[in-house]
Amino acid sequence: MELITWAVLAVAVLLAIAWYLSYSASRLDRLHARVEGALSALDAHLVRRAEATLELANTGALDPASALLLASAASQALERTTDRLGEDLLEGQHFGGRESIESELTEALQLALTPPVLAGIAAQDGPAADALERVEAAGRRVQLARRFHNGAVKDVQRVRGKVVVRAFRLAGHADLPQTVEFDDALPGERAP
């Protein structure tokens with residue numbers, strides 16, 4: 001009778017460990033998918049911000065030098081895309097070194113859209129005011145998307161740092177995601 005009890009107990013413990021490992025692997029997979037989705041959303045918002053900036057530069061409301069500065073920075077940002085390592089959209093996506101280009105676009109927006117320029121454009125009715133509104137809205141969405149992505153990355157890094165995850169290689173061969181750091185301040189939010 002005692003041998004059967006120990007055998008049942010051993011099987012129960014093994015089943016509990018197997019369930020925990022399966023649960024941990026599934027959770028890690030969901031976290032990785034969340035990071036990939038957040039990176040895709042960030043990429044989409046960055047494209048919208050660059051398109052809105054290019055539209056603002058082409059409205060004629062800015063002086064030619066500021067319009068050229070914005071158009072150049074926005075065009076460079078649109079030329080860069082998030083790199084994918086395979087055909088699977090959730091397989092190995094990474095930001096691809098776009099941080100400097102996106103920071104340059106933010107800097108161009110800060111230089112071109114000084115508080116007096118912002119006030120002048122906002123006072124107008126027409127395409128320039130609408131384009132400025134789209135640039136500001138896209139900028140706020142970029143900030144939120146970047147924060148959401150970085151929060152998801154930190155969750156993955158925290159879970160992957162656990163001893164059980166490392167010991168049983170629950171992450172498989174997936175790359176450790178990295179946070180995305182660039183200047184995403186809105187025009188007029190800080191002094192240039």
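In the block above lies the structure referred to throughout.
Residue positions within a chain follow its written sequence, with the count starting from 1. Side-chain atom pairs in this predicted model are given and counted only at pLDDT of 80 or more, local residue features only at pLDDT of at least 70, and totals for whole chains, interfaces and linings cover all residues. Think of the side-chain values as coming from all heavy atoms in the structure, minus any hydrogens and water.

**Regarding the nonpolar core**
Each nonpolar core is a collection of buried residues, namely Ala, Val, Leu, Ile, Met, Phe, Trp, Tyr and Cys, held together in the definition by side-chain atoms within 4.5 Å. Note on classification: 1.4 Å probe, protein chains only; a residue is buried when its accessible area is under 20% of the maximum for its type, exposed when over 50%, partly exposed between these limits. Counting residues in each nonpolar core, the largest one holds 23 residues, and the members touching the most others are Leu 56, Leu 62, Leu 70, Leu 105, Leu 113 and Ile 121. The helix count covers DSSP runs of H or I at least four residues long, the strand count covers runs of E at least two residues long, and both are numbered beginning at the N terminus. Elements that contribute at least two residues to this core include exactly helix 1 (2-57), helix 2 (64-79), helix 3 (99-112), helix 4 (115-123) and helix 5 (127-160). The biggest single contributor to this core is helix 2, with six residues. Apart from the residues within four sequence positions on either side, Leu 113 is in contact with Leu 56, Leu 62, Leu 118, Ile 121, Leu 132, Pro 187 and Gly 188. We call two residues contacting when some pair of their heavy atoms lies within 4.5 Å.

**Focus: the packing of aromatic side chains**
For this analysis, a ring pair means two rings from Phe, Tyr or Trp (six-membered ring only for Trp) whose centres lie within 6.5 Å, classed as stacked if their planes differ by under 30 degrees, edge-to-face if by over 60, and tilted for the remaining angles. Evaluation of the coordinates by the stated rule reveals one aromatic pair. When the ring of Trp 19 is compared with that of Tyr 23, the centres are 5.5 Å apart and the planes differ by 15 degrees; the resulting orientation is stacked. Taken together, the positions of Trp 19 and Tyr 23, both in helix 1 and four residues apart, correspond to about one turn of that helix. Judged by relative accessible area, Tyr 23 falls into the partly exposed class, the value being 41%.

**Brief notes about the side chain of His 149**
Relative to the elements of secondary structure, His 149 occurs in helix 5. For His 149, the residues in contact, after removing those within four places along its chain, are Val 35, Ala 38, Leu 39, Gln 178, Thr 179 and Val 180.

**Notes on the environment of Ser 26**
If you trace the backbone, Ser 26 turns up in helix 1. Counting along the chain gives 151 residues from Ser 26 to Pro 177, while the straight-line C-alpha distance between them is 17 Å.

**Some points on the packing of helix 1 against helix 2**
The axes used here are C-alpha line fits, helices contributing only the stretch in contact, and every angle between their N-to-C directions lies in the interval 0 to 180 degrees. The geometry of helix 1 relative to helix 2 is characterised by a closest axis approach of 8 Å and an angle of 155 degrees between their N-to-C directions. Considering their axes alone, helix 1 and helix 2 lie roughly antiparallel with respect to each other. Crossing handedness for the pair helix 1 and helix 2: left-handed. Seen from helix 1, the contacting residues are Val 47, Ala 50, Glu 51, Thr 53, Leu 54, Leu 56 and Ala 57; seen from helix 2, they are Ala 67, Leu 70, Ala 71, Ala 74, Ser 75, Ala 77 and Leu 78. Under the convention adopted here, Pro, Cys and the residues Ala, Val, Leu, Ile, Met, Phe, Trp and Tyr are nonpolar, Asp, Glu, Lys and Arg are charged, and Gly plus all remaining residues are polar. By residue class, the composition of the contact of helix 1 with helix 2 is 11 nonpolar, two polar and one charged. Working definition: roughly parallel below 35 degrees, roughly antiparallel above 145 degrees, roughly perpendicular at 65 to 115 degrees, and oblique for all remaining angles. The crossing is said to be left-handed when, going from far helix to near helix, the turn is anticlockwise and less than a right angle, and right-handed when the turn is clockwise.

**Section: the pattern of salt bridges**
In a structure, side chains of opposite charge can pair up when their charged atoms sit close to one another. One side-chain nitrogen of Lys or Arg within 4 Å of one carboxyl oxygen of Asp or Glu is enough to make a salt bridge. According to the stated counting rule, one finds eight salt bridges in the structure shown. Residue Arg 98 is joined to Asp 43 by a salt bridge in which the shortest nitrogen-to-oxygen separation is 2.3 Å. With Arg 98 in the loop between strand 2 (93-94) and helix 3 and Asp 43 in helix 1, this pair connects stretches of sequence that are 55 residues apart. The burial state of Arg 98 is the same as that of Asp 43; both residues are buried. Glu 181 is the salt-bridge partner of Arg 146, the closest N and O atoms lying 3.3 Å from each other. Pair noted here: Arg 146 is in helix 5 and Glu 181 is in the segment after helix 6 (163-167), with a separation of 35 residues, a long-range link. Residue Arg 146 is classed as buried on the basis of its relative accessible area, which comes to 11%.

**Some details on the environment of Val 165**
Along the chain, Val 165 falls in helix 6. Among the residues examined, Val 165 registers a relative accessible area of 7% and is labelled buried. Between the alpha carbons of Val 165 and Gly 96 there is a distance of 27 Å; along the sequence they are 69 residues apart. When sequence neighbours within four positions are dropped, the list of residues in contact with Val 165 reads Leu 28, Val 159, Arg 160, Leu 170 and Ala 171.

**Some thoughts on unusual backbone geometry**
Residues other than glycine seldom take positive phi values, yet Arg 169 does so here, at roughly 50 degrees. Within the secondary structure layout, Arg 169 lies in the segment after helix 6. Overall, Arg 169 belongs to the exposed group, its relative accessible area being 54%.

**A look at the packing of helix 1 against helix 5**
Axis separation between helix 1 and helix 5 bottoms out at 8 Å; the angle between their running directions is 160 degrees. Our classification of the angle between helix 1 and helix 5 gives roughly antiparallel. Read as a crossing pair, helix 1 and helix 5 show a hand that is left-handed. For the contact of helix 1 with helix 5, the per-class residue count stands at 21 nonpolar, six polar and 11 charged.

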